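Here is how the chains run, residue by residue.
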Amino acid sequence: MAYVGGVFMSSPAANIPNSRAHLINRCGHWAQLEHADEFNRLVVDFVTNN
């Protein structure tokens, strides 16, 4: 469960085996463009370890 915008939210990732959910600060709808370095690090880490 995450605290987002003053509300506790359940992560859809909790219901998907081997999934992860990450919140990226100050990000709109295009994490892969707005925060490319962080996004790529998360993807590489996920692919490498799964």
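Calculation rules
- Residues numbered from 1 in each chain as written.
- Predicted model: local features only at pLDDT ≥ 70, side-chain atom pairs only at ≥ 80, totals over all residues.
- Heavy atoms only, no water.
- Helix = DSSP H or I, 4+ residues; strand = E, 2+ residues; numbered from the N terminus.
- Buried < 20%, exposed > 50% of the residue type's maximum accessible area, 1.4 Å probe, protein only.
- Contact = heavy atoms within 4.5 Å.

Chemist: Any details on the overall build of the chain? Residues and values, ideally.
Modeler: The secondary structure content of the chain amounts to two helices and two strands. Written out in order from the N terminus, the α and β elements of the chain read β-β-α-α. Sorting the 50 residues of the chain into buried and exposed places 8% on the buried side. Looking at the chain alone, contacts between residues at least 24 apart form 23% of all its contacts between residues at least 6 apart.

Chemist: Requested: an account of unusual backbone geometry, with residues and values cited.
Modeler: Trans peptide bonds make up most of the peptide bonds, and negative phi angles are found at most residues other than glycine. Although it is not a glycine, N18 adopts a positive phi angle of roughly 60 degrees. Assignment of secondary structure puts N18 in the loop between β2 (7–9) and α1 (31–34). One non-glycine residue, R26, lies in the positive phi region at around 55 degrees. Tracing the backbone through its elements, the reader meets R26 in the loop between β2 and α1.

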